[in-house]
Amino acid sequence: MARLEGGKTILFGGDLGRYSRPVLPDPDDAKAADVVLVESTYGDRDHDKEDNGAALAAVIRDTASRGGKLIIPSFAIGRVEELLFWIRQLEREQRIPVLPVYVDSPMASEALRFYTSRVSELDPEMRPTQKQVSTFATARFQVIASPQQSKELTASRRSAIVISSSGMATGGRVLHHLTVGLPDPKNTILFVGYQSEGTRGRQLVDGAKNIKIYGELVPVKAHVEKLDSMSAHADQGEILRWLSGFRRPPSTTYLVHGETSALKTLKAAIEAKLKWNVHIAG
């Protein structure tokens, strides 16, 4: 919340977040502001209903049955932690085989340390018990520390789960894993977040048969899967739920961070349900 001249207030919604998701608390209620900026990443749709990890478990089991690697391009902050939560949960419920789980991202490694040090601020289910070695550790968990370890992991053909950044495959160590992993039909590439137009992630989700990495065309023979339910961005229903908590409507609501269809659809939904003055920023 920022205060403007004349006492007016402007509220930046940022990445709004989700309700009833593990790891992070629900979005805080906002009661009033003169101007609101709210994201519209999923403004034209609702996420799939929560399936208690069933879809993720199926992908892990299928990949393990083929003896392949599950490579998950992931945003380093927030998404990695939720993935580890679900993998650990599925292991404990014996719904998936226990595989080595690697986090290969320097930023994600730092974020994990930060999350662990502030675990009291996370959802109650993330608070460690005496039986837990670490808040986010799976049974065979390892953080990749050095570039050499990353190279060795990339070259390894062992069945494993590799979580690496970036989440849209636009850069980072995940590109090395994709270069080696995409041509192998035993492997699975799993996207667990929004893939913007023009990114490698979007091309793969849309069914590209070849993808350019480091100037070379890489054939796509691995299985490519996508789980929108793990997105950290609020869907249309969650955005409307958050906005409905305002005690009085802002004078203007600006929609940001979305593609054209999402922006237009969310604008119409807010105007229809809340009767607010809504503009698409830009």
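Everything that follows concerns the structure shown earlier in this document.
The structure reproduced in this document is the subject of the present report. Since the model is a prediction, treat every value here as computed from it, not as a measurement.

## Description of the overall build of the chain
If you tally the helices and strands in the chain, you get 8 helices and 13 strands. In terms of overall dimensions, the chain is globule-like: its C-alpha atoms have a radius of gyration of 20 Å, near the 19 Å expected for 282 residues. Across the 282 residues that make up the chain, the buried fraction comes to 50%. Nonlocal contacts in the chain, meaning residues at least 24 apart in sequence, comprise 78% of its contacts between residues at least 6 apart. As displayed, the chain offers around 13600 Å² of accessible surface, 52% of which is attributable to carbon and sulfur atoms. Looking at charge distribution, the chain has the averaged site of its 37 positive side-chain charges lying 2 Å from that of its 33 negative ones.

## Looking at the pairing of strand S9 (residues 210-213)
Of the two faces of S9, the one holding Ile211 and Ile213 is buried and the one holding Asn210 and Lys212 is not buried anywhere. As judged from the 4 bridges shared by S9 and strand S10 (residues 216-219), these two strands associate in the antiparallel manner. Considered in S10, the bridge of isoleucine 213 is made with glutamate 216. Hairpin connection of S9 to S10: 2 residues between the antiparallel strands, including tyrosine 214 at a positive phi of 55 degrees.

## Examining the packing of helix H2 (residues 79-92) against helix H3 (residues 106-117)
Contact geometry of H2 with H3 gives a least axis separation of 9 Å together with a crossing angle of 70 degrees. In terms of their interaxial angle, H2 and H3 are classed as roughly perpendicular. Side by side, H2 and H3 meet where Val80, Glu81 and Leu84 of the first sit next to Ala108, Ala111, Leu112 and Tyr115 of the second. A breakdown of the residues in the contact of H2 with H3 according to their chemical character gives 6 nonpolar, no polar and 1 charged.

Rules behind the numbers
- Residues numbered from 1 in each chain as written.
- Predicted model: local features only at pLDDT ≥ 70, side-chain atom pairs only at ≥ 80, totals over all residues.
- Heavy atoms only, no water.
- Helix = DSSP H or I, 4+ residues; strand = E, 2+ residues; numbered from the N terminus.
- Rg over C-alpha atoms; globule rule 2.2 N^0.38 Å.
- Buried < 20%, exposed > 50% of the residue type's maximum accessible area, 1.4 Å probe, protein only.
- Contact = heavy atoms within 4.5 Å.
- Areas by Shrake-Rupley, 256 points an atom, 1.4 Å probe, with all protein chains shown as cover.
- Lys, Arg positive; Asp, Glu negative; His and termini not counted.
- Charge placed at Lys NZ, Arg CZ, Asp CG, Glu CD.
- Pairing = 2+ DSSP bridges.
- Axes fitted to C-alpha atoms, helices over the stretch in contact; angles between N-to-C directions.
- Parallel < 35°, antiparallel > 145°, perpendicular 65-115°, else oblique.
- Nonpolar A, V, L, I, M, F, W, Y, C, P; charged D, E, K, R; others polar.

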